[in-house]
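Observations on the three-dimensional arrangement
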Amino acid sequence: MISAFRPRLAPTLFTVPGVLILLALGIWQVQRLHWKEGLIARRDAAVAAAPIAPPQTLAEARTQEFRHVVAEGAFENDRELSLAASSDSGESGYQVLTPLRMTDGRTMFVDRGFIPLELKDKAGRVAGEPAGIVHVAGLLRVPPAQKPSFFLPDNRPDLNLWFWVDLPAMARQDVIADFVPFYIDADKTPNPGGWPKGGVTRLDLPNDHLQYAITWFSLAVALVVIYVLYHRGGAATD
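So, a few notes on the structure that sits alongside this text.

Conventions adopted
- Per chain, the residues get numbers from 1 upward, laid out in the order the sequence is written.
- Local features in this predicted model are restricted to residues whose pLDDT is 70 or higher, and side-chain atom pairs enter the listing and the counts only when it is 80 or higher, whereas totals over whole chains, interfaces and linings include all residues.
- Note that water and hydrogens are dropped before the side-chain values are worked out from all heavy atoms of the structure.
- Secondary structure follows DSSP: runs of H or I at least 4 residues long count as helices, runs of E at least 2 residues long count as strands, and numbering of each begins at the N terminus.
- Taken over C-alpha atoms, the radius of gyration is set against a globule rule of 2.2 Å times the number of residues to the power 0.38.
- Relative accessibility under 20% of the residue-type maximum defines a buried residue, over 50% an exposed one, and the middle range a partly exposed one, all with a 1.4 Å probe and only protein chains included.
- The criterion used for residue contact is that any of the two residues' heavy atoms lie within 4.5 Å.
- Here the accessible surface of atoms and residues is derived via Shrake-Rupley with a 1.4 Å probe, and residues count as covered only by protein chains that are part of the display.
- Between any two strands, at least two bridges found by DSSP are needed for them to pair.
- Here a Phe, Tyr or Trp ring, Trp counted by its six-membered ring, pairs with any other such ring whose centre lies within 6.5 Å, and the pair is stacked when the planes are under 30 degrees apart, edge-to-face when over 60, and tilted otherwise.
- Whether a charge sits over a ring comes down to the Lys NZ or Arg CZ being within 6 Å of the ring centre and within 35 degrees of the ring normal.

1. Overview of the overall build of the chain
Looking only at helices and strands, the chain features four helices and six strands. Computed over the C-alpha atoms, the radius of gyration of the chain is 27 Å, more than 25% above the 18 Å expected from 2.2 N^0.38 for a compact globule of 238 residues. A principal-axis box enclosing the C-alpha atoms of the chain has dimensions of 95 × 35 × 30 Å. Looking at the chain as a whole, 39% of its 238 residues qualify as buried. In the chain, 66% of the contacts between residues at least 6 apart in sequence involve partners at least 24 apart. Per element, the accessible surface of the chain, about 13700 Å² overall, is 63% carbon and sulfur.

Structure representation (structure tokens):
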């Protein structure tokens, strides 16, 4: 006759906290899944909504990020900035951020799109720098409050080399006092000469939280199974 199941102290002290931690991680990933699904739904709804005029305040912009925006003004092409980027095909280059002096007197930066490395010198794309009043359409963006990742290099204003959008620093570099604290990602409307190429906004959000949750819950189950089998094997030899 097999002896009754008698948990041993050391395996129990290891297994119980381990199972609780794995379950907690799984529950956390489920919560993250619901949060990400809501974020994706809000972004999709914003992109699908009708175009609006540029908002008046940062608080308003935060509620309307990724809405289509239409602005009117004149580009200050001599003040453009270069944001390090890569194209969808993996080509290295820059995104061109240019101040737009809007007809209401405010200045808003516009990410006009991607250019390859060799076109950082504006002499190779003069046709793409329109003069006079232009209409700009694109998606409303709100910049991060601080560097998004520890692994990103620091911006180098002295070299006109930017790795993340820091509008206050960019405005200081361009000596702009009345800038608005949000910007536009220009749409795919072709520019004269073909550059920059707009429509650079990457809208897809990775959502792997369900897989992560299944992994953590599976590990918890596996740990319980190992615990039970260990004791059944030990009981059989008693």
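Read on for the rest.
2. Some details on the pairing of strand β4 (residues 107-116)
With 10 of 10 residues buried, β4 lies mostly within the body of the structure. Where strand β3 (residues 92-102) meets β4, nine bridges bridge the pair, whose relative direction is antiparallel. Paired with Leu97 across the strands is Asp111, a residue of β4. With four bridges connecting them, β4 and strand β6 (residues 179-186) associate as parallel partners. Directly across from Phe109, in β6, lies its bridge partner Tyr183.

3. Describing the packing of aromatic side chains
Evaluation of the coordinates by the stated rule reveals one aromatic pair. For the pair Phe150 and Phe151, a centre-to-centre distance of 5.7 Å together with 80 degrees between the ring planes defines the contact as edge-to-face. We note that Phe150, like Phe151, is exposed. Across the ring face of Phe75, the terminal group of Arg112 is positioned such that the distance to the ring centre comes to 4.7 Å. Lying over the aromatic face of Trp195, Lys197 brings its terminal NZ or CZ to 4.7 Å of the ring centre.

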